[in-house]
Amino acid sequence: DLLGSGHTVALGDVAGRVLWTKDVSFEVARVAVDRDAAHLVVGGARGDLLLLDRMRQNVWTHRQDAPIAAVATAGSGATVFACGGPGVASGGVGMVGEDGGLLWYTELVGTPLEVAVDAAGRTVAVLLL
C-alpha cells in the first residue's frame, strides 16, 4: 500500500498481465510457484510460510523461528523452505506437508541461497554459500 503498512503478493502471466493480487499480513521475502501454477508459496522475512491455490485461497500457513531464505513447491503435498541468511547463526532446510505441518527439518552448515524440489516432492536440492 502507499503507506508501506501492508504487503501484497501477485500472480501474473507471461504477457505481463496481473491475474490476481492478495494482501498478506507479513513482510514477503520469497515466492515460488509449482510447475502448473496451481500453487504459490510465500515465505516471510520473520519465518512465515503461506501456500495459496490458483484462486487465491489459503491452503495452509506455517511458521518457523527464522527468516525464510528460499522456497519451492511441488503443490499442496510438498513445499520446501530454507531458513537463515545474513546475521542468522545457523540455517536449515525443511518440508511442509499438505496440512501445513512440518514433515522434516535439518540444520545446515552454510548459508542457504536457494532450494528446489522435484514434481513428486521426493528430491530436494539446496544451494549453500
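Our structure's up above, just so we're on the same page.
Residues numbered from 1 in each chain as written. Predicted model: local features only at pLDDT ≥ 70, side-chain atom pairs only at ≥ 80, totals over all residues. Heavy atoms only, no water.

A short note on the sheet that holds strand 5 (residues 48–53)
Argument step 1. The 4 strands are arranged 3-4-5-6 in an open sheet whose pairing can be described as antiparallel. Edge positions in the open sheet fall to strand 3 (28–33) and strand 6 (58–63), since each of these has one partner strand only. For this sheet, the mean inter-axis angle between neighbouring strands, taken without regard to orientation, is 15°.
Argument step 2. Relative to strand 6, strand 5 runs antiparallel, the two sharing 5 bridges. (Pairing = 2+ DSSP bridges. Helix = DSSP H or I, 4+ residues; strand = E, 2+ residues; numbered from the N terminus. Axes fitted to C-alpha atoms, helices over the stretch in contact; angles between N-to-C directions.)

A word on the sheet that holds strand 10 (residues 102–108)
Argument step 1. In space, the 4 strands of this open sheet follow the order 7-8-9-10, with antiparallel pairing throughout. Only two strands of the sheet have a single partner each, and these edge strands are strand 7 (68–73) and strand 10. Within this sheet the neighbouring strands show an average axis-to-axis angle of 15°, counted without direction.
Argument step 2. By the bridge criterion, 5 bridges tie strand 8 (residues 79–83) to strand 9 (residues 91–96) in an arrangement that is antiparallel. Within strand 9, the position partnered with Cys 83 by the bridge is Gly 92.

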